[in-house]
Amino acid sequence: MSRTAEIASEHQFSADECDSLRRALLSWYAHHKRELPWRDIGDPYAVWVSEIMLQQTQVATVIDYYHRWLERFPTVEDLARAEREDVMELWAGLGYYRRARFLHESAAVVVDEMGGEVPRTVKQLKSLKGIGPYTAGAIASIAFDEPVPVVDGNVERVLSRLRAISGDPKATANQKLYWALAGDLVDPDAPGDFNQAMMELGATICTPQSPTCMLCPVREHCIAFAEGEPTEYPATAKRTRQRPMTVGTSVVVFGTGRAERFLVVKRPPDGLLGGLWEFPTVVDEDGKASSVDAYLEQCLATAGLETSEPNDLGELVHHFSHIRMTIRAEARRLDTEEPPEGAAEFDQPVDWVSRDELERLPMSAAMRKVLALYEQA
DNA sequence: AATTCGGGGTA
DNA sequence: TACCCAGAATT
């Protein structure tokens, strides 16, 4: 027997355990599930939207975005026809902006190449950008009743505790184990509800820090509970530490009062904050803050912008999961009578927008902070 | 196998 | 603070 198979068999559920776990979990879910807007809707497109939004994003955060999205893009055709700019506007603030771009592109593929029908199988679903193993399983089981499992962070934790599985939960061997166990366990008669029940248990009972085991419907089956320290499982994932980054940002303003206009630049579609707008920003990867000011000055001059002396707005720190970004912010006024038509020297699209337009523009949380600094000053 | 993608909830 | 969230793509 291969090592992998050995490990798998060591943790495998017996047929009786499977049966008992399914019944207990489904019964608990029926009584205790949270009422969420994407539950029991039967619309594959809406399920798809919800699952993309829920990637690495908590339920409470998603709900408002989900409602706004389906109001604006009720069908996959509506989304496929939409402008990228409108798509990004509705996604702004949710993070991982690639998800919005892929969802938009995949909607077009579904409409143009799949007859407008969301695919029903895991294989076909995974062929779409932005849909990986988890999301494919979720859509197939929830929207189409395909008896396939899902493994997300919740399921990893629940299974780790049920079977006392140690080691890095993201390691390949453990991932194969989770998928095998989830595949054995999933109820073929109610795969959607079963998968959601596993995740619901992880989200509300079998939580990372202080699980409420006394309310758990499957604690009799849980090895970690029997051992007495359920939080021993799973092992804490090792995370990449935040790299430092320093940027200089300039709020360039033309006009006053109602005529006030802000210079904004659109970031390239790929990479960090892809497709979002920002105030002109230069990056100093080395973190040598002293050089940022001069670089920014040069950049604006190159763009043909004659400005007043900068008004220092101070510094702020913005944390991403993988970056600790120090933002040196300043404000400048344009000296000329008219704003230039564009700023052709910028590599990316630019625009001059009013304060109201700025509010609706897809911008990152970091840039909102810069705007707040400007408004205070 | 490791890194790159946000932003916010929570203890 | 540190951890984690209904992960996927890329290198």
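Given the structure is predicted, the values throughout are model-derived calculations rather than measurements.

Reading the values: rules and limits
- The numbers attached to residues start from 1 for each chain and follow its sequence in the written order.
- Labels are handed out in written order, letters beginning with A for the chains and numbers beginning with 1 for the ligands.
- Given that the model is predicted, a residue must reach a pLDDT of at least 70 before its local features are reported, and side-chain atom pairs must reach 80 or more before they are shown or counted; all residues, however, enter totals for whole chains, interfaces and linings.
- The side-chain figures draw on all heavy atoms in the structure; neither hydrogens nor water molecules are used.
- To qualify as a helix, a DSSP run of H or I must reach at least 4 residues; to qualify as a strand, a run of E must reach at least 2; elements of each kind are numbered from the N terminus.
- Any two residues whose heavy atoms approach within 4.5 Å are treated as being in contact.
- With a 1.4 Å probe rolled over the protein chains alone, any residue whose accessible area is under 20% of its type maximum counts as buried; one over 50% counts as exposed, and the rest are partly exposed.
- The domain boundaries here were taken from an automatic or database domain assignment.
- Summed over both partners, the accessible area (1.4 Å probe) lost when two parts come together is defined as the buried area.
- The salt bridge definition used is simple: a Lys or Arg side-chain nitrogen within 4 Å of an Asp or Glu carboxyl oxygen.
- One heavy atom within 4 Å of a molecule or strand makes the whole residue count as near it.
- Polar contacts, as used here, are pairs of N or O atoms within 3.5 Å; protein pairs need one atom able to donate a hydrogen and one able to accept it. Residues neighboring in sequence count only if both atoms are side-chain atoms.
- For this classification, the nonpolar set comprises Ala, Val, Leu, Ile, Met, Phe, Trp, Tyr, Cys and Pro, the charged set comprises Asp, Glu, Lys and Arg, and every other residue, Gly included, is treated as polar.
- Residues enter a nonpolar core if they are buried and are Ala, Val, Leu, Ile, Met, Phe, Trp, Tyr or Cys, with the set joined through side-chain atoms within 4.5 Å.

## As for the side chain of Ser354
Alright, step 1. Within the element layout of this structure, Ser354 appears in the loop between strand 7 (350-353) and helix 15 (355-360).
Alright, step 2. Discounting chain neighbours no more than four positions away, the residues touching Ser354 are Glu260, Arg261 and Phe262.

## A few points about the environment of Arg239
Alright, step 1. With respect to the helices and strands, the residue Arg239 is situated in the loop between helix 13 (223-227) and strand 1 (243-254).
Alright, step 2. Look at Arg239 and you get exposed, because its relative accessible area is 69%.
Alright, step 3. Along the backbone, Arg239 and His322 are 83 residues apart, and their C-alpha atoms lie at a distance of 8.7 Å.

## Considering the domain arrangement of chain A
Alright, step 1. Taken domain by domain, chain A consists of domain 1 (33-146), domain 2 (150-236) and domain 3 (243-376).
Alright, step 2. On the side of domain 2, 13 residues touch domain 1, which itself brings twelve residues to the contact.
Alright, step 3. With both chains or domains summed, domain 1 and domain 2 bury close to 940 Å², and 58% of this area falls on carbon and sulfur atoms.
Alright, step 4. It is Arg34, Tyr134 and Ile142 in domain 1 that bury the most area against domain 2; as a group they hold 48% of the surface buried on that side.
Alright, step 5. At the junction of domain 1 with domain 2, the criterion picks out two salt bridges.
Alright, step 6. Across the pair Glu200 and Arg39 runs a salt bridge, and its minimum N-O distance is 2.7 Å.

## Quick notes on the protein's contact with DNA strand B
Alright, step 1. Around DNA strand B lies a shell of 22 residues, among which Thr57, Gln58, Tyr97, Thr172 and Leu273 are the nearest.
Alright, step 2. Here the atoms of DNA strand B within 4 Å of the protein split so that 63% fall in sugar or phosphate, with bases taking the remainder.
Alright, step 3. Thr57 places a side-chain nitrogen or oxygen 2.8 Å from a base nitrogen of DNA strand B.
Alright, step 4. The separation between a phosphate oxygen of DNA strand B and a polar main-chain atom of Ala365 is 3.3 Å.
Alright, step 5. Considered class by class, the residues forming the surface near DNA strand B number seven nonpolar, twelve polar and three charged.

## A few points about the pattern of salt bridges
Alright, step 1. Across all of its chains, the model carries 18 salt bridges by this definition.
Alright, step 2. Here Arg34 ties to Glu200 by a salt bridge, and the two come within 2.9 Å at their closest N and O atoms. Within this pair, whereas Arg34 is found in the loop between helix 2 (15-32) and helix 3 (44-53), its partner Glu200 is found in helix 12 (residues 191-204), the two being separated by 166 residues in sequence.
Alright, step 3. Given a relative accessible area of 29%, Arg34 falls into the partly exposed group.
Alright, step 4. Close ionic contact of Glu278 with Arg267 constitutes a salt bridge, the shortest N to O distance being 2.9 Å. One end of the pair, Glu278, is in strand 3 (residues 277-278); the other, Arg267, is in the loop between strand 2 (261-266) and strand 3, and eleven residues separate them in sequence. No difference in accessibility class separates Glu278 from Arg267, as the two residues are buried.
Alright, step 5. Ionic contacts of the salt-bridge type, sharing partners, join the residues Arg84, Arg101, Glu105 and Asp270 into one network.

## Some words on the nonpolar core
The nonpolar side chains of soluble globular proteins are, as a tendency, buried together.
Alright, step 1. Residues Tyr45, Trp48, Trp69, Leu159 and Phe279 are the most contacted members of the largest nonpolar core, which totals 101 residues.
Alright, step 2. For this core, the leading source of residues is helix 9 (residues 133-144), giving eight residues.

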